[in-house]
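Fold and geometry: a report
Take a look at the letters that make up each chain.
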Amino acid sequence: MSGKTEFKKLPTHSRPINYNLTLTPNLLDFTFKGQQVVTVEIIEPTNSLVLNSAELEIETAKFNDAEAEISFNEPEETVKLSFNSALPVGRGQLSLSFSGALNNRMKGFYRTVYTDSSTGAEVRCAVTQFAPTDARRCLPCWDEPELKATFDVTMLVDKDLIALSNMPEQSRSDISSGLVSVKFQQSPIMSTYLLAFAVGRFDYVEDFDSDNVLLRVYTPAGRREQGRFALDVARKTLPFYKDFFSVAYPLPKLDLVAVPDLAFGAMENWGLVTYRETALLVDTDNSSAATKERVALIVGHELAHQWFGNLVTMQWWTHLWLNEGFASWIQYLCVDQCYPEFDIWTRFVKSDLSRALVLDALDSSHPIEVPIGSPCEIDEIFDAISYCKGASVIRMLHEWLGQEAFRDGLSRYLDRHKYSNAQTEQLWKALEEASGQPVDFVMGTWTKQMGYPLISVSAKPADNDDGQQLELSISQERFQFGSNSSLAAWRVPIQVLTAEGVKINLLLTEKSAAVRVPKAAWVKLNPGFVGVYRTLYSEEMLTDLIAALQRGQLSQRDRFNLESDLFALFSAGRLSIVQLLQVVDAYKVEQFYTVWADLLDNLAATIQVLVDQLGLSQQWRSFVCQLCEPAFQRCGGWDAQPGDGHDVALLRAALIRALGLAGHPSVVAEARARFARHCSGECAIPADLRDSIYRTMLSNGGGPEFEAALDLMDKTDLQEEKDRIQRSLGSSRDPQLRQRVFQLVVSGDKVRLQDSIYVLGSVSSASLESRRATWRFIKCNWAWFQEKLRGQILLSRLVQQVCKNFCSSEDAEDIETFFQANPLPSAERNIKQALENARLNARVLAREGRNLENFLAKFDA
Ligand SMILES: [Zn+2]
């Protein structure tokens with residue numbers, strides 16, 4: 001495809017009421033047959049019906065008794081059924097028989113295969129991924145979210161297989177030749193992208209929630225115990241949402257299924273949620289604390305969609321952000337309630353808010369709400385703006401309105417639009433009614449324009465006052481890494497916190513404002529890092545805040561906020577490298593995981609890319625070692641101490657990883673000893689430390705460590721462990737081993753296609769040399785990637801993973817030239833973002849390279 005196809009919605013003269021669908025999948029030759037009778041409402045007389053259909057053969061089509069002439073429009077993925085005379089207004093029955101292939105591309109109705117670890121046998125399954133626009137690859141249908149209908153599904157499958165759909169089984173009957181006909185209850189009215197099936201061999205664990213909803217977690221055969229944790233999350237989550245939304249879970253059952261191959265992390269199909277194994281399965285001995293967190297969040301996310309998305313659905317893909325942003329926010333609220341020990345809101349600030357702020361400071365970002373035409377544009381908006389910025393503006397809104405008004409507005413919205421569709425403004429309206437606040441007036445500035453503000457603040461003693469008050473001057477402009485020519489302004493709920501704990505709220509609606517606060521040792525904007533903005537303090541205010549930080553007076557999220565903002569200000573040219581690295585030094589006193597994790601990530605993404613370009617990696621490693629060592633000592637060393645919480649386990653692992661990658665001699669030696677005992681079976685490395693130790697060994701070792709890691713990968717059936725190993729292979733510094741990683745990706749026998757892009761991403765992030773080697777590999781094998789990932793969201797993810805972090809205009813030009821010759825419409829924006837990043841990095845290097853060199857000179861290699 002050389003350009004974006006112009007896009008038309010389906011004609012509006014007909015709409016579906018009910019699909020009565022029978023499917024017969026054949027797992028031997030990976031095909032399926034389908035038959036359906038669709039009850040159709042003809043709204044205006046018409047001689048033809050147009051439905052979506054792709055990669056299907058339609059054998060017969062009849063409306064009532066009239067035979068249809070069938071013609072496909074492949075680029076538009078539609079089929080036109082033409083009749084000799086006009087179909088009368090009112091309801092009629094459209095009967096279709098059709099067939100298709102169970103493809104291997106993770107979309108539509110597709111195959112997925114795993115190995116039963118107890119027997120070694122290959123197990124073949126068929127599952128569905130219909131979102132956003134692939135139901136049409138399984139059944140001819142009106143494949144738009146607004147065209148909701150009910151579904152009566154029957155599946156004809158082998159007797160010994162499990163067949164699942166959105167609704168519980170209603171009846172089953174034997175039919176000839178070992179097949180059984182499984183009929184499911186009728187679904188509520190819903191969008192086609194939420195319809196789902198799964199057929200294969202699975203084990204499961206089950207429980208009931210407090211409302212007697214039957215919950216099951218399906219796992220590959222022989223691994224049911226790995227479903228226990230997710231089951232526990234689901235059992236706690238459903239009642240939480242019922243209470244929060246004031247609407248009970250609408251279906252009689254909920255299945256969560258681990259699927260070996262899935263393009264997304266998970267998919268919220270109503271009543272039949274599918275997950276990558278790593279997003280659902282937890283092994284008591286071999287899963288890390290980070291995995292538990294991730295599973296809890298993703299289960300919480302998909303279950304939130306059962307209401308927000310499934311019960312009330314976006315009208316069109318332009319409003320995708322509302323589904324995703326909302327679920328990405330409330331998953332934290334839910335996990336915070338169910339697992340308070342995770343301190344999950346601090347994780348939010350890192351995983352969502354920071355990511356959004358970084359992406360949205362680029363010229364090539366986009367507004368939260370974007371007009372969406374063709375399906376290939378939809379893929380691109382499943383990005384950090386829809387999910388992470390969406391979630392962040394909702395968090396800010398929730399804080400501004402307060403929990404009660406927010407909840408009240410939300411239940412009004414759900415009640416008003418249930419079993420139907422809605423758009424963003426309708427949520428604002430309900431929240432406005434509940435809160436009495438000008439929600440639409442404020443939120444429009446956040447969803448309809450891209451970017452976010454930089455809030456500049458300075459303080460002076462207030463006039464006409466006896467010195468007891470400070471006057472803060474506050475002003476806004478758009479924050480951008482590049483040159484700032486934007487006149488955009490936002491309506492910003494701002495909170496100010498003083499050392500004495502006084503909190504003052506204001507709504508900034510103009511370019512600037514003044515506000516008085518009681519005089520204090522320090523004053524901070526954006527406490528808790530709830531506001532979606534960066535803050536630029538006057539020099540005096542910043543000095544006071546750094547002092548407060550060192551005295552331990554700032555909360556964890558505030559320390560995070562300060563550090564995160566300063567890195568961004570550095571990238572935008574508003575802070576020098578020397579100032580930045582002085583602040584980084586002040587963080588040596590830090591002892592919380594998330595702050596450290598963000599600091600280390602920022603150092604890697606902002607400074608290490610410059611260091612690589614300058615060839616100062618050795619000095620950089622010495623700098624990292626002296627930075628991290630004190631905090632590592634305070635963790636009490638390698639082994640978990642009695643009373644260590646969740647956070648310490650994560651912090652210890654993060655510091656060992658940083659020190660190991662930096663080649664800290666005693667850390668590398670200890671990692672080597674533990675790795676050897678782990679490989680020989682003498683003493684397993686605790687799951688929390690494995691990633692750190694594997695990466696340390698791969699980056700400081702050679703062929704033997706590489707072989708040992710592959711051997712570990714062969715021995716495990718836990719995908720989390722396979723992922724961990726695959727992503728550590730890229731740390732290797734030996735060019736020949738790097739080539740081995742590339743070969744693993746294309747051979748496909750150890751690395752699943754869905755994981756390959758992250759494996760390549762891990763190679764690319766290891767060093768400049770690795771980055772360039774990965775990019776060369778992609779260029780040479782482009783035809784292979786295009787063939788394997790055709791039409792998939794993974795192709796734009798590949799560009800994202802591999803093209804990030806370049807730091808010169810030559811590299812940018814090379815990427816640009818390549819994609820001019822090999823256009824990739826579904827990743828246009830990702831490509832622009834990668835180019836912009838590379839050029840911005842080059843600019844920072846030109847500005848600060850010499851200073852960085854001087855700074856690092858004191859850290860001898
Ligand atoms: Zn989602």
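Cut-off values and rules
Residues numbered from 1 in each chain as written. Predicted model: local features only at pLDDT ≥ 70, side-chain atom pairs only at ≥ 80, totals over all residues. Heavy atoms only, no water. UniProt positions renumbered as here; feature names shortened; annotations may be inferred. Pairing = 2+ DSSP bridges. Helix = DSSP H or I, 4+ residues; strand = E, 2+ residues; numbered from the N terminus. Axes fitted to C-alpha atoms, helices over the stretch in contact; angles between N-to-C directions. Buried < 20%, exposed > 50% of the residue type's maximum accessible area, 1.4 Å probe, protein only. Contact = heavy atoms within 4.5 Å. Donors = N, O, S within 2.8 Å, 3.2 Å for Na, K, Ca; no water. Salt bridge = Lys/Arg side-chain N within 4 Å of Asp/Glu carboxyl O. Parallel < 35°, antiparallel > 145°, perpendicular 65-115°, else oblique. Left-handed = near helix turned anticlockwise from the far one by under 90°. Phe/Tyr/Trp six-rings, centres within 6.5 Å; stacked < 30°, edge-to-face > 60°. Nonpolar A, V, L, I, M, F, W, Y, C, P; charged D, E, K, R; others polar. Domains from an automatic or database assignment.

Under the annotation held in an unreviewed UniProt entry, the chain carries the name Aminopeptidase and is attributed to Macrostomum lignano. UniProt lists a comment for the chain under the heading Sequence similarities (unreviewed entry), and it reads "Belongs to the peptidase M1 family."

1. Regarding the sheet that holds strand 6 (residues 69-73)
Reading across from one edge, 3-7-6 is the order of the three strands in this open sheet, with antiparallel pairing throughout. At either margin of the open sheet sits one strand with a lone partner, and together these are strand 3 (46-52) and strand 6. Strand-to-strand twist in this sheet, taken as the mean axis angle between neighbours without regard to direction, amounts to 25°. As judged from the five bridges shared by strand 6 and strand 7 (residues 78-87), these two strands associate in the antiparallel manner.

2. Comments concerning the side chain of His398
Positionally, His398 belongs in helix 6 (residues 384-401). Residue His398 is classed as buried on the basis of its relative accessible area, which comes to 13%. Residues within four places of His398 in sequence aside, it is in contact with Trp329, Gln403 and Phe406.

3. Section: the pairing of strand 17 (residues 214-220)
Of all the seven residues making up strand 17, five are buried; the element is thus mostly covered by neighbouring parts of the structure. In terms of strand pairing, strand 16 (residues 202-208) meets strand 17 through seven bridges, oriented antiparallel. From the neighbouring strand, Tyr204 faces strand 17, where its bridge partner is Tyr218. A loop of five residues connects strand 16 with strand 17, the two strands running antiparallel in sequence, and Asn212 in this loop sits at a positive phi of about 70°. In this structure, strand 17 lies alongside strand 18 (residues 253-259), joined through five bridges in parallel fashion. Across the sheet, Leu215 pairs through a bridge with Leu254, a residue of strand 18.

4. Quick word on the coordination of the zinc ion
At this site the zinc ion is bound by His301 (NE2), His305 (NE2) and Glu324 (OE), with donor distances of 1.9 to 2.1 Å. Of note, the donors binding the zinc ion are all from one chain and are spaced H-x3-H-x18-E. Highlighted residues: His301 and His305, both in helix 2 (residues 289-305), separated by four residues, approximately one helical turn. In this structure His301 comes out as buried when scored by relative accessible area, which is 7%. On the accessibility criterion, His305 (0% relative accessible area) is buried.

5. Side note on the pattern of salt bridges
Per the counting criterion, the structure on display carries 60 salt bridges. With a shortest N-O distance of 2.8 Å, Arg772 and Asp811 are connected by a salt bridge. Within this pair, whereas Arg772 is found in helix 22 (residues 768-780), its partner Asp811 is found in helix 25 (residues 809-821), the two being separated by 39 residues in sequence. The exposure class assigned to Asp811 is buried, which follows from its relative accessible area of 10%. As a salt-bridge pair, Glu848 and Arg847 come within 3.8 Å of each other at their nearest N and O atoms. Looking at Glu848, the relative accessible area reads 5%, which means it is buried. Linked by salt bridges that have partners in common, Glu55, Glu77, Arg105, Asp134, Arg136, Arg137 and Asp143 make up one network.

6. Side note on unusual backbone geometry
Pro132 follows Ala131 through a cis peptide bond whose omega is -5°. Note on placement: Pro132 falls in the loop between strand 10 (122-129) and strand 11 (150-158). Even without glycine at this site, Ser246 takes up a positive phi of about 55°. For Ser246, the location among the structural elements is in the loop between helix 1 (228-245) and strand 18. Positive phi is not limited to glycine here, since Tyr419 has a value of about 55°. Along the polypeptide, Tyr419 turns up in the loop between helix 7 (403-417) and strand 22 (420-422).

7. A short note on the packing of helix 1 against helix 2
Between helix 1 and helix 2, whose axes approach to 9 Å, the crossing angle comes to 40°. Relative to helix 2, the element helix 1 lies oblique. Crossing angle aside, the handedness with which helix 1 passes helix 2 is right-handed. Counting all contacts with helix 1, which are made through Phe229, Ala230, Val233, Ala234, Thr237, Leu238, Tyr241 and Phe245, the residues of helix 2 involved are Lys292, Val295, Ala296, Val299, Gly300, His301, Leu303 and Ala304.

8. With respect to the packing of aromatic side chains
Here the structure, examined in full by the defined rule, presents 49 aromatic pairs. Note on Trp329 and Phe406: the rings are 5.1 Å apart at their centroids and 65° apart in plane angle, and the pair reads as edge-to-face. One end of the pair, Trp329, is in helix 3 (residues 320-338); the other, Phe406, is in helix 7, and 77 residues separate them in sequence. A relative accessible area of 1% places Phe406 in the buried class. Seen in terms of ring centroids, Phe818 and Phe819 are 5.2 Å apart; in terms of plane orientation they differ by 80°. Their pairing is edge-to-face. The two residues Phe818 and Phe819 agree in class, both being buried. Members of the aromatic cluster, joined through ring pairs, are Phe240, Tyr241, Phe244, Phe245, Tyr249, Trp307, Phe308, Phe326, Trp329, Phe406 and Tyr413.

9. Section: the packing of helix 17 (residues 687-700) against helix 19 (residues 719-729)
Look at helix 17 against helix 19: their axes get within 8 Å of each other, and the N-to-C directions meet at 25°. With respect to each other, helix 17 and helix 19 are oriented roughly parallel. As helix 17 runs across helix 19, the sense of the crossing is right-handed. For the pair helix 17 and helix 19, the contacting residues are Ala687, Arg690, Asp691, Tyr694, Arg695 and Leu698 in the first and Glu721, Arg724, Ile725, Arg727, Ser728 and Leu729 in the second. By residue class, the composition of the contact of helix 17 with helix 19 is five nonpolar, one polar and six charged.

10. So, the sheet that holds strand 16
Here five strands make up an open sheet; going across it, the order is 16-17-18-20-19 and the pairing mixed. Among the strands making up the open sheet, the edge pair consists of strand 16 and strand 19 (266-267). The strands that helix 2 touches are strand 18, strand 19 and strand 20 (272-276); relative to strand 20, the one it contacts most, it runs at about 150°.

11. Describing the domain arrangement of the chain
The domain architecture assigned to the chain consists of domain 1 (1-199), domain 2 (312-447), domain 3 (453-550) and domain 4 (615-856). One C-alpha centre belongs to domain 1, the other to domain 3, and the line joining them spans 56 Å.

12. Points about the environment of Ser85
Position of Ser85 relative to the elements: it lies in strand 7. Sequence separation of Ser85 and Thr46 is 39 residues, and the distance between their C-alpha atoms is 8.2 Å. Leaving out residues up to four positions away in the same chain, Ser85 has contacts with Thr46 and Asn47.

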